[in-house]
Amino acid sequence: MRQIKIGHSPDADDAYMFYAITHGIVGIDGPEPAGHSEVLEDIQSLNARSMRGELEMTAISAAVYPQVADRYRILSCGASMGLGYGPIVVSNRDRSVESLRGGRVAMPGVNTTAFMLSKIFLPEVEAVQLPFDTVMDPVAAGELDAAVVIHEGQLTYVDAGLTKILDLGEKWYDETGLPLPLGLDCVRRDLGNEWHVALGRALRRSIDAAFANNADAVDYALEFGRGIDAERGEKFAKMYVNELTVDMGADGEAALRELYSRACRHGIISEIPPLDIVRVPPS
């Protein structure tokens, strides 16, 4: 029997999105009998796995898609897109973004979309790569000038005594008028189109079921909230599971093209990848 490995991060938004698949509320009706398992790893690890083509379906950073476009197709559902918000840049004092020029800035992994956005929007800085959940520590201690913060840190930086000096999602929206594509769900090409659509339908039904059973889905998501309270946990999950997660639509596709176009102009990627999107119909 075919075995389908599904990779996603142990984050509140992904947990909310996959709630119904995880709990057997939604099944996967493929073209042949198959079993499935979930692989929960941080997004940098999933990015690395995608480059090796290890998982049949996986979440990835939008920034890594140009490197795996030959192996994977993008699902029209399951994307994490900021609607006028996104990763933030924080410091231990109020300062201008330009004052960071030549400074040392903590950043998550080089394959994250946050890193790509930093290369697009920040002045020239020395990037200090750290695990995403530790980037604020050396800034609070005065050892680094700033940090690019993702995940729950976007809501908890004040608790660490830090000040937001730039919201990269807000900056993106001001310049483009588009949502900010941060994460994608992709399916491996060699599965074939029938499996691509079947996996996409299962994910879309899971997202719909989470909205329909919000309290239970939020309770499950809070198990992955990394120390934040229920109110902030639900807020974080809903920030990145929104209407564009159900279907990215024309705005989401335009946002991806704009992201890769800007990355190419800045020399971050060598060419703009073609967008090969699996259109997932409503349930």
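Right above here is the structure, for reference.
Residues numbered from 1 in each chain as written. Predicted model: local features only at pLDDT ≥ 70, side-chain atom pairs only at ≥ 80, totals over all residues. Heavy atoms only, no water.

1. Looking at the side chain of Thr 113
Alright, step 1. Relative to the helices and strands, Thr 113 resides in helix α4 (residues 113-121).
Alright, step 2. Owing to a relative accessible area of 3%, Thr 113 belongs among the buried residues under this scheme.
Alright, step 3. Beyond its immediate chain neighbours, meaning those up to four positions away, Thr 113 contacts Ser 61, Ala 62, Ala 63, Pro 181, Leu 182 and Leu 259. (Helix = DSSP H or I, 4+ residues; strand = E, 2+ residues; numbered from the N terminus. Buried < 20%, exposed > 50% of the residue type's maximum accessible area, 1.4 Å probe, protein only. Contact = heavy atoms within 4.5 Å.)

2. What about the sheet that holds strand β6 (residues 88-91)?
Alright, step 1. Pairing in this open sheet of five strands is mixed, and the strands run β8-β7-β9-β6-β10 from one edge to the other. This sheet does not close on itself; its edge strands, each paired only once, are β8 (126-129) and β10 (163-167). On average, each strand axis in the sheet is tilted by 30° relative to the strand beside it, whichever way the strands run.
Alright, step 2. Summarising the sheet, strand β7 (residues 104-107) and β8 pair through four bridges and their orientation is parallel. By the bridge assignment for β8, Ala 106 is matched with Val 128. (Pairing = 2+ DSSP bridges. Axes fitted to C-alpha atoms, helices over the stretch in contact; angles between N-to-C directions.)

3. Considerations on the state of the cysteines
Working definition: the covalent bond between the sulfur atoms of two cysteines is a disulfide.
Alright, step 1. The final tally for this structure, using the stated rule, is zero disulfides.
Alright, step 2. Unpaired in terms of disulfides, Cys 186 finds its nearest cysteine sulfur in Cys 77, a separation of 11 Å.
Alright, step 3. Of the residues examined, Cys 186 reaches a relative accessible area of 0% and is grouped as buried. (Disulfide = S-S within 2.5 Å.)

4. Considerations on the packing of helix α1 (residues 12-22) against helix α8 (residues 193-212)
Alright, step 1. Contact geometry for α1 and α8: axes closest at 7 Å, N-to-C directions at 105°. Relative to α8, α1 is oriented roughly perpendicular. Residue-level contacts link Tyr 16, Met 17, Phe 18, Tyr 19, Ala 20 and Ile 21 of α1 to Ala 202, Leu 203, Ser 206, Ile 207, Ala 209, Ala 210 and Phe 211 of α8.
Alright, step 2. The class makeup of the residues in the contact of α1 with α8 is 12 nonpolar, one polar and no charged. (Parallel < 35°, antiparallel > 145°, perpendicular 65-115°, else oblique. Nonpolar A, V, L, I, M, F, W, Y, C, P; charged D, E, K, R; others polar.)

5. Section: the pattern of salt bridges
Alright, step 1. Scanning all chains against the criterion turns up 20 salt bridges.
Alright, step 2. In this structure, the salt-bridge partner of Arg 52 is Glu 54, at a minimum N-O distance of 2.5 Å.
Alright, step 3. The partner of Glu 175 in a salt bridge is Lys 171, and the shortest N-O contact between them spans 3.3 Å. Linking Glu 175 with Lys 171, this pair stays in helix α7 (residues 168-176), spanning four residues, or about one helical turn.
Alright, step 4. We classify Glu 175 as partly exposed; its relative accessible area is 40%.
Alright, step 5. Given the relative accessible area of 32%, Lys 171 is considered partly exposed. (Salt bridge = Lys/Arg side-chain N within 4 Å of Asp/Glu carboxyl O.)

6. Quick notes on the side chain of Asp 14
Alright, step 1. In this structure, Asp 14 sits in helix α1.
Alright, step 2. Since its relative accessible area comes to 6%, Asp 14 is described here as buried.
Alright, step 3. What Asp 14 contacts, discounting residues up to four positions off in sequence, is His 8, Ser 9 and Ala 59.

7. Remarks on the environment of Arg 204
Alright, step 1. Structurally, Arg 204 is set in helix α8.
Alright, step 2. Residues contacting Arg 204, with those up to four places away along its chain left out, are Cys 77, Val 246, Asp 247, Val 280, Pro 281, Pro 282 and Ser 283.

8. A closer look at the packing of helix α9 (residues 214-222) against helix α10 (residues 230-240)
Alright, step 1. The N-to-C vectors of α9 and α10 enclose an angle of 105°; their axes lie 10 Å apart at closest approach. The orientation of α9 relative to α10 falls into the category roughly perpendicular. Across the interface between the two elements, Asn 214, Val 218 and Leu 222 of α9 pack against Ala 230, Gly 233, Glu 234 and Lys 238 of α10.

9. Here we look at the pairing of strand β9 (residues 146-149)
Alright, step 1. Burial along β9 is two-sided: Ala 146 and Val 148 and Ala 147 and Val 149, pointing in opposite directions, are all buried.
Alright, step 2. In the sheet, β6 pairs with β9 via three bridges, with the strands oriented antiparallel. Bridge pairing links Val 89 to Val 148 in β9.
Alright, step 3. Bridge count for β7 against β9 is two bridges, and the pairing is parallel. Residue pairing across strands places Val 105 opposite Ala 146, the latter belonging to β9.

10. What to know about a negative patch on the surface
Alright, step 1. Residues Asp 42, Asp 133, Asp 137 and Glu 143 make up a contiguous surface patch of negative charge.
Alright, step 2. You can see Asp 137 is positioned in helix α5 (residues 137-140). (Patch = residues over 30% accessible without salt bridge, like charges linked within 9 Å, V, L, I, M, F, W, Y side chains within 5 Å. Areas by Shrake-Rupley, 256 points an atom, 1.4 Å probe, with all protein chains shown as cover. Lys, Arg positive; Asp, Glu negative; His and termini not counted. Charge placed at Lys NZ, Arg CZ, Asp CG, Glu CD.)

11. Overview of the pairing of strand β1 (residues 2-8)
Alright, step 1. Looking at chain direction, β1 and strand β2 (residues 34-40) are connected through seven bridges and run parallel. Opposite Gly 7, over in β2, you have Val 39 as the bridge partner.
Alright, step 2. Traced from β1 through α1 to β2, the parallel crossover comes out right-handed.
Alright, step 3. The sheet contact formed by β1 and strand β3 (residues 57-61) spans two bridges and is parallel. What sits directly across from Ile 6, in β3, is Met 57. (Right-handed = clockwise from strand over helix to strand, strands pointing away.)

Read these as geometric descriptors, not functional statements.
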